Amino acid sequence: MEKLSFKLNAPTRAGGTRAQAIVGVVASGNLEVLLERASPADVCTIDIATAAHGFGAVWDAVVRDFVARRAAGGLRISINDGGARPDTVALRLAQGVRLIEEREA
Amino acid sequence: MSEWGMQKAALNERLTAGRRLATGKVVPIPKLPEFLKAVIRTGDRVCLEGDNQKQADILAAALADLDPADVSNLHMVQSGVVLPAHLDVFEKGIARRLDFSYSGPQSARIARMLFGRKIELGAVHTYLELFARYFIDLTPNVALIAAVSADKDGNLYTGPNTEDTPTVVEATSYKNGLVVAQVTEIVDKVPRVDIPGDLVHFVVEAGKPFYVEPLFTRDPAAITETQILTAMLAIKGIYAPYGVRRLNHGIGFNTAAIELLLPTYGERLGLKGKVCTHFALNPHPTLIPAIEAGWVEQVHCFGSEVGMEDYVAARPDIFFTGPDGSLRSNRAFCQTAGLYACDMFIGSTLQIDLEGHSSTVTTNRIAGFGGAPNMGSDPRGRRHPSEPWLKAGAEADPDSSAALRRGRKLVVQIGETFGDRNVPLFVERLDALELARELDLDLAPVMVYSDDVTHIVTEEGIANLLLCRNKDEREQAIRGVAGYTDIGRARDARSVGRLRQRGVITRPEDLGIDPLDADRRLLAARSIKDLMLASGALYRPPSRFRNW
């Protein structure tokens, strides 16, 4: 298991008021993303535990794009990764910020 | 003066030799080896029928059992190199030269044999191109074909899988060649005459159906959320703005996802009746929900699909069917329809380079072309206008006079940035170039040339190459949808930003696509069983797809 941590400046604050959201599952080629409103409004922290070693540079690129493109300010994001491809990671992160904007069901 | 009628005389010799082993036109199966030895001559050009679907498997096995001391140096001209026997004839020295189109399941072995110089390669063709050569410089001396049933006069019923048969028979029989058909059974009266008996010289009762591969069946259970997102991009970002009504879908999960999103996502976008009404397409099981929801007006088919026979027969308003009720497919006509009467081809590929050339050749595998390069090309001979064709033409060349401007066919490559086993879709250099160098080929096997492709769709967005004005813009547009592949990460972020402002690159968020919609619940069917239920139990999935 490899652990990676990122603390990034986030230009856009996450929408909605929900305290947390969770998307995805831990499975081979998939990942679970937990988002909590637990950072300063202009910061996004991301902690990753991944089964696949040696992909630090790709994770770096994926999370930086995510924070630049999506409303991720104020979030602490924890990722449990089962070796998902970058496209799946990017989709899950996008789904996570959309879900935390939604009203609680 | 030359003597006329030599070919007729040669045919008569073959007929006389064959008739010694036949009763009328019927060759008993135990006599088949002796019969083939009697009618095939060393050096003959032989068409062994088989494509990516149906196979004249009994005749293929019998041909491979010949003794090369009796028959050798055959020149095989055939659509598909699919069965082991198709390559055994080269391994054994019965055949020497090969002109073909598709080699899916044999792609690794055919590559090894080409590298080992066991096969003298003529060329790899598209289906339509090889059919064309049957009438010009690759006319068969002997055609070994497959049908469902025959009567004693040789009239053939091909059933839903007519496919290449009329084309092969036309080229062979009218040019003094010999036609031999394997049939499941000999009957008093065939259900319909697909091939007239006077073009068929001999029939062999195989006692079992010819082999058919269910190549166009995709299990919805295997469709990923990334594929759903990519399909939404294609529908909202290409199908809708161009108003694409007449089209062909390539094989694959991306196009299967599009088919399954029409009755859900497409409906929500109000696109019913505005897109996807007319198809050149095999009867894809994943099209069932869209047909049942009233999206589709008409489908013409290259071939059939295993298990779809009863469904197709029950939907004659949609499909082309014969007086017997079953599907009539025809590969040559459907390829022509896909070329001239469709405004879009969309399909997946294995490698795309920085210019936009794409290829399915990867190291040590030669899968051939099949129909994709024909579907995926802009027909320069087209003259009838349509909205998508004119709009694409105007985007490519906005400054010229509208009345003198050609339209453009939409040729869309769709896929995830990383494919099977995390192999990147985007590459600096196609493996096809290496293959061409090693085999000393004049042409690298390119599936869709860069000047034909108009759009590339990945989960990261759509690159509209029609709007690129130079090589550099094109390269950055491709890098701009290449995700986290090495090619994508080496993009120039500023150029990509400018291309996005101009609408050359469109992101999911630019189209208002909600990532939460990229969910399997959006598929109109989520399993093969769902497809069967959607068909009212008319679709009968092959056993390998039944997991309930």
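To be clear, the structure that these remarks concern was listed above.
Residues numbered from 1 in each chain as written. Chains lettered and ligands numbered in written order. Predicted model: local features only at pLDDT ≥ 70, side-chain atom pairs only at ≥ 80, totals over all residues.

A. View of the packing of helix α8 (residues 225–242) of chain B against helix α9 (residues 253–268) of chain B. Residues and elements named next belong to chain B. The N-to-C vectors of α8 and α9 enclose an angle of 65°; their axes lie 8 Å apart at closest approach. Viewed along their axes, α8 and α9 adopt a mutual orientation that is roughly perpendicular. In this structure, the crossing between α8 and α9 has a hand that is right-handed. Counting all contacts with α8, which are made through Q227, I228, T230, A231, M232, A234 and I235, the residues of α9 involved are F253, N254, A257, I258, L261, Y265 and G266. (Axes fitted to C-alpha atoms, helices over the stretch in contact; angles between N-to-C directions. Helix = DSSP H or I, 4+ residues; strand = E, 2+ residues; numbered from the N terminus. Parallel < 35°, antiparallel > 145°, perpendicular 65-115°, else oblique. Left-handed = near helix turned anticlockwise from the far one by under 90°. Contact = placed C-beta atoms within 7 Å.)

B. Here's a closer look at the interface of chain A and chain B. Listed by partner, the interface residues are twelve residues for chain A and 15 residues for chain B. Going through the elements one at a time, α1 (56–69) and α2 (86–101) of chain A are the ones with two or more residues in the side of chain A that touches chain B. Sorting elements by how many residues they give to the side of chain A that touches chain B places α2(A) first, with eight residues. Here the side of chain A that touches chain B is composed, by residue class, of seven nonpolar, two polar and three charged. (Nonpolar A, V, L, I, M, F, W, Y, C, P; charged D, E, K, R; others polar.)

C. Structural detail: the pairing of strand β4 (residues 74–80) of chain B. Residue and element names in this part refer to chain B. Of all the seven residues making up β4, six are buried; the element is thus mostly covered by neighbouring parts of the structure. Looking at chain direction, strand β2 (residues 45–48) and β4 are connected through two bridges and run parallel. Looking at the pairing, R45 lines up with H75 of β4. Since β4 and strand β5 (residues 95–102) lie parallel, the crossover through helix α4 (residues 84–91) that links them has a hand, and here it is right-handed. (Buried ≥ 20, exposed ≤ 12 C-beta atoms within 10 Å, placed from the backbone. Pairing = 2+ DSSP bridges. Right-handed = clockwise from strand over helix to strand, strands pointing away.)

D. Region of the structure containing the nonpolar core. Residue and element names in this part refer to chain B. Ranked by size, the top nonpolar core spans 194 residues in total, and within it A181, A234 and L261 carry the most contacts. At ten residues, α8 tops the list of elements feeding residues into this core. Residues lining this core come from more than one domain, with at least three contributed by each of domain 1 (6–212) and domain 2 (220–532). The residues contacting A181, other than those within four sequence positions of it, are I145, A146, A147, A150, L156, V200 and V203. (Core = buried A, V, L, I, M, F, W, Y, C linked by C-beta atoms within 7 Å. Domains from an automatic or database assignment.)

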